[in-house]
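Reading the structure
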Number of protein chains: 2
Amino acid sequence: MVVMEESVMAQLDGVGAMTESSSAEDLEAAGETADLTSRARIRNAALHQFATRGFAGTPLRAITAEAGVAIGLISHHFGSKEGARDAVEQWIVGLFAAALGLADRESEESVADAGARDAAVARMLGDNPLVIDYLRREVLEQPEDGGLITRLSALTVESVDAMRAAGHASTDRDRVEQVLTVMVRQLGRLVLQPLLHQVAAAFPAGERPTSLPELTVEVRRPEARRDERDS
Amino acid sequence: MVVMEESVMAQLDGVGAMTESSSAEDLEAAGETADLTSRARIRNAALHQFATRGFAGTPLRAITAEAGVAIGLISHHFGSKEGARDAVEQWIVGLFAAALGLADRESEESVADAGARDAAVARMLGDNPLVIDYLRREVLEQPEDGGLITRLSALTVESVDAMRAAGHASTDRDRVEQVLTVMVRQLGRLVLQPLLHQVAAAFPAGERPTSLPELTVEVRRPEARRDERDS
DNA sequence: TAAGATATTGAAAGATTGTTCAATGGTGGT
DNA sequence: ACCACCATTGAACAATCTTTCAATATCTTA
């Protein structure tokens, strides 16, 4: 998993290369897969396969079949299977960066506050549900240095710093703790969601509730301890 | 992933078959791998490999190499790779069942309360950290019917029912919600833990805090809604 | 149009995988 | 000592996987 340096906001890698659509349009839909570059179709298919079957569990032929291209095209565009993974992850990083940047651009002030950022990221994830599935798998892989989570953390650091500078985030708390809070709360719910469904599915259909309860993930300071009890 | 019926507490599958050690001893240490059955060594190695590299990502030869046996032994003992996975998961179910049963046996009353059960499970998981890693991966796999999560859910249902009958759990709340709360709170923290470490690792060593904050996963009723704000 | 660069194909190679199986070793019973 | 039974081995096999590569198609540019 080689890390590409350069600016994170760099070109979104072929998405909408033929049609001159803006990056905002690419985040939505994804319905018409026809007029996309072969490179983009391969990347989309790879995201789909990796998200649902895992990296090791997806043969290259499954990607090329879904993308509708020949097997040799992957190594031509991405060098190797690992290269395809890098491209997928770089694209995801771009999505997050674009969502955060969009939040700033829509804000009346130059820097959006936490609520606007959360909303922008949530909107982006809603448009790309496969990204959620991919992140879910990525979270539990061994913390490969320079992996996707690391890069998204760096993005969140920038975001928190910008909010601090704009007075939207308190500066008395630990910077690390702020970033941890944002990331864990955002990703934690997404990662844990399938657990909720799996447990509920273990009940007979009759007893199963119509609407599942909501998950909340909190981060508490180490010293703040309190015993708790339930059920 | 074929599900074995029978009693969950059934034989723990060869652990300590040669030495007459009690099952409690087997849960700890795992340091001396020498005097275990080949079958048990293969199962342990499979747990280790599946937990760290994933099911699809582990070749059978990686398991046999760690176990110190020949390649043919796996199919002889477990039939297939899938069979090895079944054995691993059945062993994990046995661990949970033993921990819960142990909690009841140690309790002054015939049925232990929630705190004692949580403690027993936590102790068991502390002795078998690989089980945590395995569960973490299992959570996000597609909810194959009869999978590990389903079986652990069934175990939790029994546990909650026993506590209800003993008056240790309220009977006015939804039974499904009680089970969901127990499982999500217990497993949620374990699943999310590496995310915490990965995010913290994204910071320069100097800024990284010495002790990481604590995670809390809560389950809220669908109707109870409240807006929140942070950072 | 001509020519050069790039995209795309699909067969082939080479490595790795899960499974099978005949052979060997060991253990206990009669 | 013999025999039946189970554990264990490792080579062989067939399938599948990733990568390579020469050939062909398509696009770009002058």
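Residues numbered from 1 in each chain as written. Chains lettered and ligands numbered in written order. Predicted model: local features only at pLDDT ≥ 70, side-chain atom pairs only at ≥ 80, totals over all residues. Heavy atoms only, no water.

1. Re the pattern of salt bridges
Under the definition given, this model contains 14 salt bridges over all chains. The partner of A:Asp161 in a salt bridge is A:Arg175, with the nearest N and O atoms 2.9 Å apart. Of the two residues, A:Asp161 is situated in helix α8 (residues 148-165) and A:Arg175 in helix α9 (residues 175-201); the sequence distance between them amounts to 14 residues. Classification of A:Arg175 by relative accessible area gives partly exposed; the value is 21%. One continuous salt-bridge network, built from bridges that share partners, spans A:Asp161, A:Arg175 and B:Glu207. (Salt bridge = Lys/Arg side-chain N within 4 Å of Asp/Glu carboxyl O. Helix = DSSP H or I, 4+ residues; strand = E, 2+ residues; numbered from the N terminus. Buried < 20%, exposed > 50% of the residue type's maximum accessible area, 1.4 Å probe, protein only.)

2. Description of the packing of aromatic side chains
Per the stated rule, a full pass over the model turns up 2 aromatic pairs over all chains. One cation-aromatic arrangement involves A:Arg85 over A:Phe55; the distance from NZ or CZ to the ring centre is 3.7 Å. Here B:Lys81 stacks its cationic end above the ring of B:Phe55, 4.6 Å away from the centre of that ring. (Phe/Tyr/Trp six-rings, centres within 6.5 Å; stacked < 30°, edge-to-face > 60°. Lys NZ or Arg CZ within 6 Å of the ring centre and 35° of its normal.)

3. Considerations on the protein's contact with DNA strand D
Close contacts around DNA strand D come from 18 residues, with A:Leu60, A:Arg61, A:Lys81, B:Ser38 and B:Ala70 the closest. Restricting the count to atoms of DNA strand D within 4 Å of the protein gives a sugar and phosphate share of 58%. Taking B:Ser38, its side chain carries an N or O atom lying 2.7 Å from a phosphate oxygen of DNA strand D. A distance of 3.0 Å is found between a phosphate oxygen of DNA strand D and a side-chain nitrogen or oxygen belonging to B:His77. Broken down by secondary-structure element, the contributors of at least two residues to the surface near DNA strand D are α3 (60-67) and α4 (72-78) of chain A together with α4 (72-78) of chain B. No other element matches the 4 residues that α4(B) contributes to the surface near DNA strand D. Partitioning the surface near DNA strand D into residue classes produces 7 nonpolar, 8 polar and 3 charged. (Near = heavy atom within 4 Å. Polar contact = N/O pair within 3.5 Å; in protein donor to acceptor, adjacent residues only side chain to side chain. Nonpolar A, V, L, I, M, F, W, Y, C, P; charged D, E, K, R; others polar.)

4. Looking at the interface of chain B and chain A
Contact residues are listed per partner, giving 61 residues for chain B and 59 residues for chain A. Counting each side, the surface lost to burial between chain B and chain A is near 5,400 Å², with a carbon and sulfur contribution of 64%. At the surface where chain B touches chain A, the tally comes to 2 salt bridges. Note that A:Glu207 is salt-bridged to B:Arg175, the shortest N-O span being 2.4 Å. (Contact = heavy atoms within 4.5 Å. Buried area = accessible area lost by both parts, 1.4 Å probe.)

5. Focus: the confidence of the model for chain A
All names here are of chain A. Mean pLDDT over chain A works out to 80, with 80% of the residues at or above the 70 mark. Note that residues 1-30 has pLDDT below 50 and, in this model, 45 contacts with residues that lie over four places away or in other chains. Note that pLDDT drops below 50 for residues 224-231; the model gives that stretch 15 contacts with residues more than four away or on any other chain. (pLDDT = per-residue confidence, 0-100.)

6. Points about the relation of the copies chain B and chain A
In the superposition of chain B on chain A (RMSD 0.2 Å, axial shift 0.0 Å), the rotation amounts to 179 degrees. What the rotation and shift describe, once combined, is the action of a two-fold rotation axis. Closest approach to the rotation axis among the C-alpha atoms of chain B is made by B:Val217, whose C-alpha sits 2.3 Å away. Interface overlap between copies is the fraction of interface residues in one copy that are interface residues in the other; for chain B against chain A it reaches 97%, indicating a shared surface. (Least-squares fit on C-alpha atoms with pLDDT ≥ 70 in both.)

7. Focus: the protein's contact with DNA strand C
Within the structure, DNA strand C sits among 16 residues, and A:Ser38, A:Ala70, B:Pro59, B:Leu60 and B:Lys81 are positioned closest to it. Counting only the atoms of DNA strand C that lie within 4 Å of the protein, the sugar and phosphate share comes to 62%. Here A:Ser38 contributes a side-chain N or O atom positioned 2.8 Å from a phosphate oxygen of DNA strand C. Within the backbone of A:Ala70, one N or O atom sits 2.8 Å away from a phosphate oxygen of DNA strand C. Of all the secondary-structure elements, those providing two or more residues to the surface near DNA strand C are α4 of chain A together with α3 (60-67) of chain B. Tallying contributions element by element places α4(A) first for the surface near DNA strand C, with 4 residues. Broken down by class, the residue content of the surface near DNA strand C amounts to 7 nonpolar, 7 polar and 2 charged.

8. Notes on α3(B)
All names here are of chain B. By the burial criterion, the buried members of α3 are Ala62, Ile63, Thr64 and Ala67. Elements in contact with the buried residues of α3: α2 (38-53) and α4. Looking at the residues trailing α3, positive phi occurs at glycine 68, about 75 degrees.

9. A look at the environment of B:Ile92
All names here are of chain B. Mapped onto the elements, isoleucine 92 comes out in helix α5 (residues 81-106). You can call isoleucine 92 buried: its relative accessible area is 0%. In this structure the C-alpha to C-alpha distance between isoleucine 92 and leucine 152, which are 60 residues apart in sequence, comes to 9.1 Å. Isoleucine 92 has contacts with Leu47, Val131, Tyr134 and Leu148, leaving out every residue within four places of it along the chain.

10. Here's the deal with the environment of A:Ile149
Tracing the backbone shows A:Ile149 in helix α8. Here A:Ile149 falls in the buried class, since its relative accessible area comes to 1%. As a C-alpha pair, A:Ile149 and A:Val139 span 10 residues in sequence and 7.0 Å in three-dimensional space. With sequence-adjacent residues up to four places away left out, A:Ile149 is seen in contact with A:Glu138, A:Val139, A:Leu187, B:Leu195, B:Gln198 and B:Val199.

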